[in-house]
Amino acid sequence: MTSSRPFNFSAGPATLPEPVLRQVAAEMLDWHGSGMSVMEMSHRGKEFGSILEAAQADLRELLVVPPHFHILFMQGGGLGENAIVPLNLSRGGKVDAVVTGSWSRKSAAEARRYADVQVAAEGDGRSIPTDWRLRDDAAYVHVCTNETIDGVEFHELPRLANGVPLVIDCSSHLLSRPIDWDRVGLAFGGAQKNIGPAGLTLVFVREDLLGHALDICPTAFNYATVAANHSMYNTPPTFGIYVAGLVFQWVKGLEYAGKRGLAAVEQRNIDKAALLYAALDASGFYENRVDAGCRSRMNVPFFLRDESLNDRFLAEAKAAGLLQLKGHKSVGGMRASLYNAMPLEGVQALVGFLKDFEARHG
Ligand SMILES: *Cc1c(COP(=O)(O)O)cnc(C)c1O
């Protein structure tokens, strides 16, 4: 399908697959002959029940989530999980945190309200630190596997030798690649990067980690309660789950480079990122400062060497149909987010614009 819409590089809420948006529009007033919008349905009715079940099953299939993991549809976002995870898993004891950028730093600070948090290693925002000082009696180790602001990604999950569960904040690369469940105790992410509208939070939690929540944990945020009630203890974010379900269907059907489903999405993400990094590296006009081995496929921060051109760059990009390229305020410069729904043509258009802008202003 060809589109006249501009390419949207927002870090989140972010671009969604156009076929999904069209289907949502078509079903807005009357979902499957029910006479209701999904927004208007009881979450306990059979219509929404079928939506939730299909979304769960498709997500489990796409990410090959083992049976001993629960998939929870929650609210509160990544920042909510920064508190909800220690409330459920820390037992008020020790938590080790690996700081690789802005988001993991925030997570460590929030967990400190509930647990004895030690920073096990701290990176410089451009690389993943080695030599983690881990405590064998920690309740879990927290890692952010894709630092959305810094553009640092783990391309392999750490294997913790001491058997302490690994908790990953995978908000900004969830569903962009497979997850090695053997190495994970809990994974969480907000939907608004790769999966759907803001308001839905996905949690994958290993069965044996349930049932240890602190007394002060709100009941609606107690993973054991949410799991026992199939994400229906309280009203789940129904519309977000519906849109996410359509995105899962879209991922399942995606074909690229002879692959299908998540493998196709991943290959496309690899190719998109390679195209953009190659263009940045080949230029003396732009630069990305992240170590080659941990550059994010999803979020590519870059700088113009002459920062006085920043405003002009953004204005001309917008005029060329390339939206939301401004970098996060804490690091400045530019950032292109290349989530699943960004087609290869979007990155080709961006690379063309980069060269054109450099030719005119370099
Ligand atoms: C976006 C993001 C968050 C924050 O999510 P909210 O929904 O705003 O709470 C947390 N962690 C990472 C890695 C993110 O990219």
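What you see is a predicted model, and the numbers here were worked out from it, not measured in a lab. (Residues numbered from 1 in each chain as written. Predicted model: local features only at pLDDT ≥ 70, side-chain atom pairs only at ≥ 80, totals over all residues. Heavy atoms only, no water.)

1. Description of the side chain of Thr 100
Counted only if it meets this: Note on conventions: DSSP H or I runs of at least 4 residues are helices, E runs of at least 2 residues are strands, and numbering of each starts at the N terminus. Throughout, exposure labels follow a simple rule: accessible area from a 1.4 Å probe, protein chains only, divided by the maximum for the residue type, with under 20% read as buried, over 50% as exposed, and the rest as partly exposed. Contacts are assigned to residue pairs that have any heavy atoms within 4.5 Å of one another.
Residue placement: Thr 100 occurs in the loop between strand S3 (94-99) and helix H4 (102-111). By relative accessible area, Thr 100 is classed as buried at 1%. Excluding residues within four positions of it along the chain, Thr 100 makes contact with Gly 125, Ile 128, Pro 129, Cys 144, Glu 147, Val 152 and Phe 154.

2. Digging into the sheet that holds strand S16 (residues 334-337)
Formally: Two strands form a pair only when DSSP identifies at least two bridges running between them.
If you walk across this open sheet you meet the 3 strands as S13-S14-S16, and the pairing is antiparallel. Pairing within the sheet leaves two strands with one partner each, and these edge strands are strand S13 (286-287) and S16. In this sheet, strand S14 (residues 299-304) lies alongside S13 in antiparallel orientation, the contact comprising 2 bridges. Its bridge partner lying in S14, Tyr 286 is registered against Leu 304.

3. Examining the pairing of S16
Side chains Met 334 and Ala 336 project from S16 onto one buried face, and the interleaved Arg 335 and Ser 337 project onto a second face that is buried too. Here S14 runs beside S16; their pairing, made up of 4 bridges, is antiparallel. Across the sheet, Phe 302 pairs through a bridge with Met 334, a residue of S16.

4. Considering the domain arrangement of the chain
Going by this rule: How far each domain reaches was decided by an automatic or database domain assignment. Put simply, buried area is the surface a 1.4 Å probe can reach on two separate parts but cannot reach once they are joined, added for both. N or O atoms closer than or at 3.5 Å make up a polar contact, with two conditions inside protein: a donor-capable atom paired with an acceptor-capable one, and, for residues adjacent in sequence, both atoms drawn from side chains. Amino acids are sorted into nonpolar (Ala, Val, Leu, Ile, Met, Phe, Trp, Tyr, Cys and Pro), charged (Asp, Glu, Lys and Arg) and polar (every other residue, Gly among them).
Along its sequence, the chain is carved into domain 1 (21-251) and domain 2 (255-361). Put simply, the middle of domain 1 and the middle of domain 2, counted by C-alpha atoms, are 27 Å apart. With 24 residues of domain 1 in contact, the opposing surface of domain 2 contributes 24 residues. Of the roughly 2,000 Å² buried where domain 1 meets domain 2, counting both sides, 55% is carbon and sulfur surface. Where domain 1 packs against domain 2, one counts 11 residue pairs in polar contact (both at pLDDT 80 or more). Secondary structure elements with two or more residues in the side of domain 1 that touches domain 2: strand S7 (152-153) and helix H6 (238-253). The class makeup of the residues in the side of domain 1 that touches domain 2 is 9 nonpolar, 10 polar and 5 charged.

5. Description of the packing of aromatic side chains
To be explicit about the condition: Side-chain rings of Phe, Tyr and Trp (the six-membered ring for Trp) are treated as a pair once their centres are within 6.5 Å; stacked means planes under 30 degrees apart, edge-to-face means over 60, and tilted covers the remaining angles. Only Lys NZ and Arg CZ are tested; either one counts as a charge over a ring when it is within 6 Å of the ring centre and within 35 degrees of the ring normal.
Counted under the stated rule, the structure contains 12 aromatic pairs. Consider the rings of Phe 313 and Phe 357, whose centres lie 5.2 Å apart with planes at 85°: the pair is edge-to-face. In this pair, Phe 313 sits in helix H8 (residues 310-319) while Phe 357 sits in helix H9 (residues 344-361), placing the two residues 44 residues apart along the sequence. Both residues of the pair, Phe 313 and Phe 357, belong to the buried class. One aromatic cluster in this structure is built from Phe 285, Tyr 286, Phe 302, Phe 313, Phe 353 and Phe 357. Directly above the aromatic system of Phe 303 lies the positively charged group of Arg 289, at a separation of 3.7 Å from the ring centroid.

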